[in-house]
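# Coordinates in review
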Amino acid sequence: MRAAVLEQPAPIETSPLILRDVPVPSPLPGEALLKVLACGVCHTDLHIAEGDLPPIKKPIIPGHQIVGEVVKTNDSSLHIGDRVGVAWLGGTDGTCRYCRTDRENLCDHPVFTGYGRDGGFAEYVTVDTRFTYPIPASLSSETAAPLLCAGAVGYRSLLVADVKPGTNVGLFGYGASAQMVLPVLLHWGCEVFVATREPDHQELARAQGARWAGPLDEKTPEQ
Ligand SMILES: [Zn+2]
Ligand SMILES: [Zn+2]
């Protein structure tokens, strides 16, 4: 299969990802083989490619916003033809204090997709079936892929902040996560105020329906 392989992290201008022909991986017990339908690109991929995150597996195939179709499975919870998503968290120890209290995202011994195990910048990828998510038929693979990282991060922030429908909400920064929570907030009938230093991000926020967007040191109309 063809895959974008990182053998040695290096500045992105030097194109450290190399397109290679590599063997199609075989799923282990508890794993499935997916044909990759779409894989988003995350800023974390840049950190991996450039070595800001120290390599823990070399070579590595990055990519952790994967939507794929099950073509082989060693676990009866998935079926051939299922379309599933795969996110950054690709495995946990299942035994640490976080895993035992429903906070496996903080696991002491996590395995990250596209960092600790090969990811989705490839035609096929193997995954631990416990870390896959069914993708509803109403979502295209390309639309669903970014929801698996930036979308999940943004949505979690709404839950942690306990945002209530119909309230005023301020977003600080307007990266991928904020861009994906804004439509959710509008759907909830919220008024959204975006503070970001990037003028093009301010413009984008207004175009996407923010009531106000401006620099961090400017007062919003509600202040
Ligand atoms: Zn990511
Ligand atoms: Zn754990």
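Presented here is an overview of the structure given in this document. Since we're looking at a predicted model, the values are computed, not measured. (Residues numbered from 1 in each chain as written. Chains lettered and ligands numbered in written order. Predicted model: local features only at pLDDT ≥ 70, side-chain atom pairs only at ≥ 80, totals over all residues. Heavy atoms only, no water.)

### Focus: empty space enclosed by the protein
Just so we agree on the cut-off: Using only the protein atoms, space was sampled on a 1 Å grid; points where a 1.4 Å probe fits but cannot get out form cavities, open sets with protein on both sides within 12 Å along at least five of seven lines form pockets, and lining residues are those with an atom within 4 Å of a point. Grid points are joined across faces, edges and corners, and a volume is the space filled by probe spheres set on the points. Ten residues, namely Ala, Val, Leu, Ile, Met, Phe, Trp, Tyr, Cys and Pro, are considered nonpolar, four, namely Asp, Glu, Lys and Arg, are considered charged, and the remaining ones, Gly among them, are considered polar.
Overall, the coordinates contain two cavities of 30 Å³ or more when judged by the stated rule. The space that makes up the largest cavity amounts to roughly 50 Å³. Surrounding the largest cavity, L6, E7, Q8, P9, I48, L53, P55, I56, K57, K58, I60 and Y115 form its lining. Tallied by class, residues from the lining of the largest cavity come to eight nonpolar, one polar and three charged. Approximately 30 Å³ is the volume attributed to the second largest cavity.

### Some thoughts on the environment of G40
Note the following rule: Strands are runs of DSSP state E lasting at least 2 residues, helices are runs of H or I lasting at least 4, and numbering of each runs from the N terminus. Contacts are assigned to residue pairs that have any heavy atoms within 4.5 Å of one another.
Topologically, G40 is positioned in the loop between strand 3 (31-39) and helix 1 (43-50). G40 has contacts with D45, Q65, F121 and A145, leaving out every residue within four places of it along the chain.

### Comments concerning the nonpolar core
The following threshold applies: Put simply, a nonpolar core is a bunch of buried Ala, Val, Leu, Ile, Met, Phe, Trp, Tyr and Cys residues held in one set by side-chain atoms that sit within 4.5 Å of each other. Whether a residue is buried, partly exposed or exposed follows from its accessible area with a 1.4 Å probe, protein chains only, as a fraction of its type maximum: under 20%, in between, or over 50%, in that order.
Ranked by internal contacts, the top residues of the largest apolar core, which has 15 residues, are L171, Y174, L182, L185 and V194. Elements that contribute at least two residues to this core include exactly strand 10 (168-172), helix 4 (176-187) and strand 11 (191-195). Considering every element that reaches this core, the biggest residue donor is helix 4, with four residues. In contact with L182, other than residues within four places in its own chain, are L171, Y174, V192, V194, Q208, G209 and A210.

### Quick word on helix 4
What counts is decided by this rule: Of all possible arcs, the one meant is that of the directions from the helix axis to the C-beta atoms.
Residues of helix 4 that are buried: A178, V181, L182 and L185. All buried residues of helix 4 lie within an arc of 125° about the axis, which places them on one face of the element. Buried residues in helix 4 make contact with helix 3 (150-160), strand 10 and strand 11.

### Considerations on the packing of helix 3 against helix 4
When two helices pack together, their arrangement is given by the angle between the helix axes and the distance between those axes. Keep this limit in mind: Working convention: axes come from line fits to C-alpha atoms, limited for helices to the stretch in contact. Angles between N-to-C directions cover 0 to 180 degrees. Our angle categories are set so that under 35 degrees counts as roughly parallel, over 145 as roughly antiparallel, 65 to 115 as roughly perpendicular, and the remainder as oblique. Crossing handedness: left-handed means the near helix sits turned counterclockwise from the far one by under a right angle, and right-handed means the same turn made clockwise.
Interaxial distance between helix 3 and helix 4 falls to 8 Å at its minimum, and their mutual angle equals 60°. What the angle tells us is that helix 3 and helix 4 run oblique. Crossing handedness for the pair helix 3 and helix 4: right-handed. For the pair helix 3 and helix 4, the contacting residues are A150, G151, V153, G154, Y155 and L158 in the first and A176, S177, M180, V181, V184 and L185 in the second. Looking at the contact of helix 3 with helix 4 residue by residue, the class counts come to nine nonpolar, three polar and no charged.

These values are about where atoms sit, not about what they do.
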